[in-house]
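Understanding the architecture of this molecule
Listed here are the chains, written in short residue letters.
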Amino acid sequence: MAVSYNHREIEKKWRENWEKHPVNVNDGKKPKYYCLDMFPYPSGNGLHVGHWRGYVISDVWSRYKMLQGYYLIHPMGWDAFGLPAENYAIKMGVHPAKSTADNIAHIKEQIKQIAAIYDWDMEVNTTDPDFYKWTQWIFVKMFKAGLAYEKEMPINWCPSCKTGLANEEVVNGCCERCGSPVTKKNLKQWMLRITKYADRLLNDLDKLDWPEKVKKMQTDWIGKSYGAEVEFKVDGRDDAITVYTTRPDTLHGATFMVLAPEHALARSLATDETREAVEKYIFDASMKSNVDRLQDKEKTGVFTGSYAINPINGKKVPIWLSDYVLADYGTGAIMCVPAHDDRDFEFAKKFDIPIVQVIAKDGVEIPDMKEAYTEASGTMINSGDWNGMESAVLKKEAPEMIEKMGCGRKTVNYKLRDWVFSRQRYWGEPIPIIHCPKCGCVPVPEEELPLRLPDVESYQPTGTGESPLAAIDEWVNTTCPVCGAPAKRETNTMPQWAGSSWYFLRYVDNKNDKELVSREKADKYLPVDMYIGGVEHAVLHLLYSRFYTKFLCDIGAIDFDEPFHKLFNQGMITGKNGIKMSKSKGNVVSPDDLVRDYGCDSLRMYELFVGPPELDSEWDDRGIDGVYRFLNRFWHMVLNNKDAQVKETKELIKLRHKMVYDITSRLEAFSLNTVISGFMEYNNKFVDLTKKGGVDKTTLETAVILLAPFAPHMAEELWQQLGHDTSVFDNRWPSVDEEAMKDDEIEIPVQINGRTKAVISVSDGASKEDVLAMAKEALGGKLTGNVIKEIYVPGKIVNIVAR
RNA sequence: GCGGAUAUGGCGGAACUGGCAGACGCGCCAGACUUAGGAUCUGGUGGGAGACCGUGCAGGUUCGAUUCCUGUUAUCCGCACCA
């Protein structure tokens, strides 16, 4: 029978046509819809079928929104600074500027293969001086607001990438990029005070239509806890040690105290007898890497020889050092209640420290404790005045009680740390700061931005903690903008996240050289309505972007404080057996051949059909035949019916509305795989009907419009073949008439004891008696025994309970 | 260790607020058209000869459970001594 539709010719024709006559037009009246993809970093490896998925999902959603009457903001750009781009350049032996430009050109061609409706006039590139001018401008503003500061401290250091890392970039003690174990290095660093925004970053999550998983990850990352700081005087000395605890209710049970080895007082607490052991322990701890520390299961520690006084009961408690206490959380010191904390229990058992229970679980003291009782539920015992109180109540009230007693205060703590913002690498935005011997740190004047990244002969990382920029004397040496004295430029660069933290704001006004974005355009087109990308940025990019947006809102640059209203995380496309696609595994599937053989429309649809969009899916090349056959069958079905002048019948109208309803509701639910199977199912019905009287033109047109976001080329071509000289995207998404969808006769399963034995067809308004009579008739001899109960749920089911 | 997700035919996956389990597709089987078919079209396809049995496993609630509850196993993901 008929030959395949010619996808090559049709797709070429419509690409050229869209080029000349864009379908996404801003008439100034339509409401905007901003649908954003997480912009790629231009890798030298190019795109594989996994990369397509997110772009197809966002394009389908964008085109759907366009058909609903929105003016679409759907831009694309390049996250081209940073480690991956630089490492690639080093590996290939080319300058990163050159390799980045080449990679962008290549990937842009590949992305165009998707036929997504990107507005390339809005394109941005983070390495473009006209763009990073504003990345630097934001930094200067943050510096002036006191949010960017310099600090020397031990930071995460990747010995392979030869740069410092933010906390968020350390995964299981290893570098997020290269997987090398991260070490500590004492470096003077630029920091961003993201902790100042901790509460807003936490509370505003409520406003967002984001996956719960991502909200949870950010909540945990910020890690807010409520508790108290309590002061313990050192026995026989004037100074005190402050601890942080979330369980002040257990204060009477504190039988020892532990300080992090890095604690400022650690050394001074040693006595003549313990000095040697204490020094050794502190030294050993300093030599441990993050990974070692994580892998140590067994607790270690050393007694300092000193004692502290528990302020609630005046008892002397020994002070220990142990690396299970973190130096940079809370106060770096803890009170230990072994009866009610797992870690303290383990430590007390190992070093034979007394264990005192202060909460009676179910009213009784546990006779022979095998593990700590960690729940705040039960009655207080061995707790002086607090005896008899409920632990849960006391937990809340104790901080204020302690405050009144003058030995501590109510407080909160966060796991979130300030953001280590310096990178000792070449390929990033220069930090626009000048170090003046007289004036200190002075920002580059705003009118002198951008501070261009200078060309350099050796852009390889030095490993010394200095950026390669430090080697360029003529760049480093400058004068102070304030006093004019000789001064030196900051030579560290910004992390890759700097540009990506705000790029989505720039798209809508990417040529503005006066402002980051004009308020007029920001108010009109921002923020982002739908953001689509992988889940790997849950606490990196997505947290940083929220922080930047809040800051820019605070300084009045924009008028909203959350960047992304709705977030969708697509699952990964993997190779066989769920193995991540990678060059080294040799399981990368390139879209190029598939586009050539099956067409862009087929690949787009298969990307969706392969599985639920939010879950990982294994790629199987053979499956694409299914959607390719569907598109062929649909093509021929429409062409076979188009001139037949079939009159619409009640049945055809019903089928049409059911189709619109099914496709729309599945699309709204983001169940894109079942949208595709829905198309197939309805097409099977249409193909069947073609042999029995045909399909009317309105139904054909409706189907073509519904298909347009998914297979835009074919939809355009069929729309034209149906006799139109406009674009299929000039239509509005069809609406559903619920009345027209209704069936007069409903099929109802008839069950005996919950097992289906027959199916009857009843009219819409049939009475219970009639239906039950019909049901019994249909069952005939199958119904034996005594009928105990008869259940009829109108429109759903008949169930007869018999014994 | 803590938290989350997932588990359904040979395979990918459907099943809306509890109501005919396996839609749709891949693969496979049979047939048609063909010089030919790895193209296309038509039909079939969970298991069992059968009554029946079947949604990771064991219970429970219900007239009725893939769906709700309790426990449990496996896989994946996140956090990981945050006091």
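Residues numbered from 1 in each chain as written. Chains lettered and ligands numbered in written order. Predicted model: local features only at pLDDT ≥ 70, side-chain atom pairs only at ≥ 80, totals over all residues. Heavy atoms only, no water.

Observations concerning the packing of helix α2 (residues 49-67) against helix α18 (residues 600-609)
- Where α2 contacts α18, the axes come no closer than 9 Å and their chain directions differ by 95°. Taken as axis vectors, α2 and α18 run roughly perpendicular relative to one another. Side by side, α2 and α18 meet where Val 49, Trp 52, Arg 53, Val 56, Ile 57, Asp 59, Val 60 and Arg 63 of the first sit next to Cys 600, Leu 603, Arg 604, Glu 607 and Leu 608 of the second.
- Counted by class, the contact of α2 with α18 contains eight nonpolar, no polar and five charged residues. (Axes fitted to C-alpha atoms, helices over the stretch in contact; angles between N-to-C directions. Helix = DSSP H or I, 4+ residues; strand = E, 2+ residues; numbered from the N terminus. Parallel < 35°, antiparallel > 145°, perpendicular 65-115°, else oblique. Contact = heavy atoms within 4.5 Å. Nonpolar A, V, L, I, M, F, W, Y, C, P; charged D, E, K, R; others polar.)

Quick look at empty space enclosed by the protein
- This model, assessed by the stated rule, comprises two cavities of 30 Å³ or more.
- The computed volume of the largest cavity comes to approximately 130 Å³.
- Lining the largest cavity are 16 residues, with Gly 82, Leu 83, Arg 423, Pro 495 and Gln 496 positioned closest to its centre.
- The element best represented in the lining of the largest cavity is helix α3 (residues 83-92), accounting for three residues.
- Space inside the second largest cavity adds up to approximately 30 Å³. (1 Å grid on protein atoms, 1.4 Å probe; cavity = no way out; pocket = protein on both sides within 12 Å on 5 of 7 lines; lining within 4 Å. Points joined across faces, edges and corners; volume = space filled by probe spheres on them.)

Re the sheet that holds strand β31 (residues 797-802)
- The four strands are arranged β29-β28-β31-β30 in an open sheet whose pairing can be described as mixed. Bordering the open sheet on either side are β29 (755-763) and β30 (787-793), each of which pairs with just one other strand. This sheet shows a mean twist of 20° between the axes of neighbouring strands, independent of strand direction.
- In the sheet, strand β28 (residues 745-752) pairs with β31 via three bridges, with the strands oriented parallel. In the sheet register, Gln 751 faces β31, and the bridge partner there is Asn 799.
- The strands touched by helix α25 (residues 768-779) are β28, β29, β30 and β31; relative to β29, the strand with the most contacts, the crossing angle is about 130°. (Pairing = 2+ DSSP bridges.)

Quick word on the side chain of His 74
- With respect to the helices and strands, the residue His 74 is situated in the loop between β2 (71-73) and β3 (77-78).
- If we skip the residues at most four places from it in the chain, His 74 touches Cys 35, Asp 37, Ser 58, Asp 59, Ser 62, Ile 117, Tyr 118 and Asp 119.

Section: the pairing of strand β12 (residues 256-259)
- Side chains of β12 alternate between two faces, with Phe 256 and Val 258 and Met 257 and Leu 259 buried alike.
- Pairing between β12 and strand β15 (residues 333-336): four bridges, direction antiparallel. By the bridge assignment, Leu 259 is partnered in β15 with Ala 333.
- Two elements, β12 and strand β14 (residues 316-321), share three bridges in a ladder whose sense is parallel. Across the sheet, residue Leu 259 finds its bridge partner in β14, namely Leu 321. (Buried < 20%, exposed > 50% of the residue type's maximum accessible area, 1.4 Å probe, protein only.)

Remarks on the protein's contact with RNA strand B
- Surveying the vicinity of RNA strand B reveals 51 residues, the closest of which are Thr 246, Arg 343, Lys 415, Arg 629 and Asn 799.
- Taking the atoms of RNA strand B that fall within 4 Å of the protein, sugar and phosphate contribute 64% of them.
- A per-element tally of the surface near RNA strand B places helix α21 (residues 672-690) first, with six residues.
- Split into classes, the residues belonging to the surface near RNA strand B amount to 19 nonpolar, 13 polar and 19 charged. (Near = heavy atom within 4 Å.)

Some details on the sheet that holds strand β5 (residues 148-158)
- The strand order across the open sheet built from four strands is β6-β5-β9-β19, with neighbouring strands paired in antiparallel fashion. Because the sheet does not close on itself, it has two edges, and the strands there are β6 (163-165) and β19 (419-420).
- Pairing analysis gives three bridges linking β5 to β6, with the strands arranged antiparallel. Paired with Cys 158 across the bridge in β6 is Thr 163.

What to know about the nonpolar core
- The biggest cluster of nonpolar side chains holds 89 residues, and the ones touching the most others in it are Met 605 and Phe 634.
- Looking at which element gives the most residues to this core, the answer is α2, with ten residues.
- Residues within four places of Met 605 in sequence aside, it is in contact with Val 627, Phe 630, Leu 631, Ile 676, Phe 679, Leu 707, Phe 710 and Ala 711.
- In this structure, Met 38, Met 494, Leu 516 and Phe 564 belong to the second largest nonpolar core, which totals 87 residues. (Core = buried A, V, L, I, M, F, W, Y, C linked by side-chain atoms within 4.5 Å.)

With respect to helix α23 (residues 712-721)
- The buried fraction of α23 amounts to eight of the ten residues, a majority that puts the element mostly inside the structure.
- For α23, the complete set of buried residues consists of Pro 712, His 713, Met 714, Ala 715, Glu 716, Glu 717, Leu 718 and Trp 719.
- Buried residues in α23 make contact with α1 (7-20), α2, α18, α19 (624-642) and α22 (697-707).

Re the environment of Leu 689
- Mapped onto the secondary structure, Leu 689 falls in helix α21.
- Considered as a pair, Leu 689 and Met 637 are 52 residues apart in the sequence and their alpha carbons are 9.6 Å apart.
- If sequence neighbours within four positions are ignored, Leu 689 has contacts with Leu 652, Leu 655, Gly 694 and Val 695.

Quick look at the packing of aromatic side chains
- Within this structure, the stated rule accounts for 43 aromatic pairs.
- Geometrically, the ring pair formed by Trp 78 and Trp 120 is stacked, given 6.4 Å between the ring centres and 15° between the ring planes. On the criterion of sequence distance, the pair formed by Trp 78 in strand β3 and Trp 120 in the loop between α4 (96-112) and β4 (124-125) is long-range, its members being 42 residues apart.
- Look at Trp 78 and you get buried, because its relative accessible area is 1%.
- Residues Phe 81 and Tyr 132 carry aromatic rings whose centres are separated by 5.6 Å and whose planes lie at 50° to one another, so their mutual orientation is tilted. Here the residue Phe 81 occupies a position in the loop between β3 and α3, and Tyr 132 occupies one in helix α5 (residues 129-144), the gap between them amounting to 51 residues. Across this residue pair, the class does not change: Phe 81 and Tyr 132 are buried.
- Connected via pairs of aromatic rings, a cluster forms that spans Phe 139, Phe 143, Trp 190, Tyr 197, Trp 419, Phe 421, Trp 497, Tyr 544, Phe 547 and Tyr 548.
- Sitting over the ring of Trp 157, Lys 185 keeps its end group 4.6 Å from the ring centre. (Phe/Tyr/Trp six-rings, centres within 6.5 Å; stacked < 30°, edge-to-face > 60°. Lys NZ or Arg CZ within 6 Å of the ring centre and 35° of its normal.)

Here's the deal with the environment of Trp 78
- Considered as a pair, Trp 78 and Arg 423 are 345 residues apart in the sequence and their alpha carbons are 20 Å apart.
- Not counting the four nearest positions on each side in its chain, Trp 78 is found in contact with Phe 39, Pro 40, Ile 104, Ile 107, Lys 108, Ile 111, Trp 120, Glu 123, Val 124, Asn 125 and Thr 126.
- There is a polar contact of 2.8 Å between the side chain of Trp 78 and the side chain of Glu 123. (Polar contact = N/O pair within 3.5 Å; in protein donor to acceptor, adjacent residues only side chain to side chain.)

Regarding the pairing of strand β1 (residues 32-37)
- Across the six residues that make up β1, a large majority, six, are buried.
- A two-sided burial pattern is seen for β1, the buried positions comprising Lys 32, Tyr 34 and Leu 36 on one face and Tyr 33, Cys 35 and Asp 37 on the other.
- In this sheet, β2 lies alongside β1 in parallel orientation, the contact comprising three bridges. In the sheet register, Tyr 34 faces β2, and the bridge partner there is Ile 73.
- Considered for its hand, the β-α-β crossover made up of β1, α2 and β2 is right-handed.
- With three bridges joining them, β1 and strand β24 (residues 528-533) adopt parallel strand pairing. Opposite Cys 35, over in β24, you have Met 530 as the bridge partner. (Right-handed = clockwise from strand over helix to strand, strands pointing away.)

Observations concerning the confidence of the model for chain A
- On average, chain A scores 92 in pLDDT, and the residues at 70 or more come to 99%.
- Scoring of the predicted complex yields 0.94 for pTM and 0.94 for ipTM. (pLDDT = per-residue confidence, 0-100.)

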